[in-house]
Amino acid sequence: MTAAASSRPIVLVVPDGAGDRPHASIAGPVPGDPRSAVRARTPIEAAHTPNLDALATLGRSGILYPLGPGLAPSSHQAHFALFGYGEADFPGRGLLEALGEGLPPQPGEIVLRANLARVSERDGLLWIDERPDPRLGEAPYLAEADLDVTIDDVRFRFAYTGALQGLLYLSATDGRALSHLVSDADPLHAETHVLEVLPLEEAPDADAAAHTARALNAWIRRAREVLAGQPLNAMLVKWAGAPISVTPFAKRFGLRGVSLGSGPLYAGLATAVGLDHRELGTASDPEADVAVRVEATLDLIAEGYDFVHLHTKRPDMAGHKKNPARKAEVIEGIDRALAPLVPLVERGEIVVAVCPDHQTPSAGPLYHGGGAVPLTIAGGVAGADSVAAYGETACAAGALGTLRGT
């Protein structure tokens, strides 16, 4: 598609983590399922969603595995695929965080997130006694800590970005290759040990990945020495990333695009693929959070944008609370806010695609799930199929069938 051929702007609505599994606690009739009157439902199926249902009726539907069956993606991995880029090109979240903070790595550098924790030594292992949310709190001593050091011909430099975290940059002083394809040291919770950083099996240069992992493990130990005596006395590293070179979104698809995802991660993701970005914050009320995005979307289309990424984090946040009924209520609020888009699709003025980036199960132990999410494309040239409701079961019967994110 070229810009000249795109007479209708495209709005990609991504209700983050809205995909889910059926839960007996919200059982009832399932739209699009003629087999039984009552059964376990997903939060989308349990929610009252007249506007999403209208979009499904106007368009064609299917189900999508963001990466592949059984693979539970992070939001940034899934979005990279939704924007049309292959898994092999994914640069690692560390790069996206750095770009979003306005602190891109230098050529040849690897970058990771590093955040504070309180640890003690147990049987030769660093045991995490406290692991607070790194986005909250204050640690002025972290801004003054001398965490810049050279270990095993790897130069480390640390940039404090606020709260309890910063960015850690690695570069080689001897010309040896480094690799961002290493595992995380941060297990994301306390009452366990700091994970050993290891080279990933998929690293094309195994020696470079092993060298990088060894250096990071040594830096974690060195950082603990520097922070000895502080309330939070250790640094955990995660999400290694490195600069990439991909065809920018506008050149690849002929569309002038903009992202409305909130926070440094989505600002960095937009920068990485060549989308503009508008920061709108995150409202606590899901309807208000999406309403401001819908209003901004219509303004941006009027400014000449061909593609708008309309993203809300509220369903994902609700899913992590492990309350299926509350997640259904959040989806209902999002649905109400999407109402202004429906008549524009009916009049053929815009195309609206609705697709969560992944499942966030609202019961059970999983953080993200590897199942398929419902996809609807309304207003496209292909017209409508027989699907008349938006949800996992209904969309599975649609003309788009079963798709993969790439």
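Parameters and conventions
- Residues numbered from 1 in each chain as written.
- Predicted model: local features only at pLDDT ≥ 70, side-chain atom pairs only at ≥ 80, totals over all residues.
- Heavy atoms only, no water.
- Salt bridge = Lys/Arg side-chain N within 4 Å of Asp/Glu carboxyl O.
- Helix = DSSP H or I, 4+ residues; strand = E, 2+ residues; numbered from the N terminus.
- Buried < 20%, exposed > 50% of the residue type's maximum accessible area, 1.4 Å probe, protein only.
- Axes fitted to C-alpha atoms, helices over the stretch in contact; angles between N-to-C directions.
- Left-handed = near helix turned anticlockwise from the far one by under 90°.
- Contact = heavy atoms within 4.5 Å.
- Nonpolar A, V, L, I, M, F, W, Y, C, P; charged D, E, K, R; others polar.
- 1 Å grid on protein atoms, 1.4 Å probe; cavity = no way out; pocket = protein on both sides within 12 Å on 5 of 7 lines; lining within 4 Å.
- Points joined across faces, edges and corners; volume = space filled by probe spheres on them.
- Expected span 1.5 Å × (residues − 1).
- Polar contact = N/O pair within 3.5 Å; in protein donor to acceptor, adjacent residues only side chain to side chain.

1. Some remarks on the pattern of salt bridges
Taken as a whole, this structure holds 18 salt bridges when the rule is applied. With its nearest N and O atoms 3.1 Å apart, the salt bridge here joins Arg224 to Glu121. You can see Arg224 sitting in helix H6 (residues 206-226) and its partner Glu121 sitting in strand S5 (residues 110-122), a full 103 residues away along the chain. Judged by relative accessible area, which is 24%, Arg224 ranks as partly exposed. Classification of Glu121 as partly exposed rests on a relative accessible area of 41%. A salt bridge links Arg131 to Asp186; the shortest N-O distance between them is 2.7 Å. Here Asp186 lies in the loop between strand S9 (165-172) and strand S10 (192-193) and Arg131 lies in the loop between strand S6 (125-130) and helix H5 (140-144), a separation of 55 residues in the sequence. Comparing Arg131 with Asp186, the two get one shared label, buried.

2. Points about the packing of helix H3 (residues 75-82) against helix H8 (residues 264-273)
In a pair of packed helices, the angle between the axes and the distance between the axes together describe the arrangement. Where H3 meets H8, the closest approach of the two axes is 11 Å, and the angle between their N-to-C directions is 30 degrees. Here H3 and H8 pass one another in a crossing that is right-handed. Here H3 contributes Ser75, His76, His79 and Phe80 to the contact with H8, which in turn contributes Leu265, Tyr266, Leu269 and Val273. Along the lines of polarity and charge, the residues of the contact of H3 with H8 split into five nonpolar, three polar and no charged.

3. Topic: unusual backbone geometry
Unusually for a residue other than glycine, Asp153 sits at a positive phi of about 65 degrees. A positive phi angle, close to 60 degrees, is found at Glu191, a residue other than glycine. Looking at the secondary structure, you find Glu191 in the loop between S9 and S10.

4. Re empty space enclosed by the protein
Per the stated rule, a full pass over the model turns up one cavity of 30 Å³ or more. If you add up the space inside the largest cavity, you get close to 60 Å³. Pro15, Ala18, Ile44, Leu52, Ile331, Ile334, Leu338, Val354, Pro356 and Tyr390 together form the lining of the largest cavity. Of the residues that constitute the lining of the largest cavity, the class distribution is ten nonpolar, no polar and no charged.

5. Considerations on helix H9 (residues 286-303)
Look at H9: 26 Å from first C-alpha to last across 18 residues, which is about the 26 Å you get at 1.5 Å a residue. Of all the residues in H9, the buried ones are Pro286, Asp289, Val290, Arg293, Val294, Ala296, Thr297, Leu300 and Ile301. Residue Asp285 occupies the N-cap position of H9, its side-chain oxygen lying 3.2 Å from the main-chain nitrogen of Glu287. In the stretch just after H9, Gly304 is the one whose phi turns positive, near 115 degrees.

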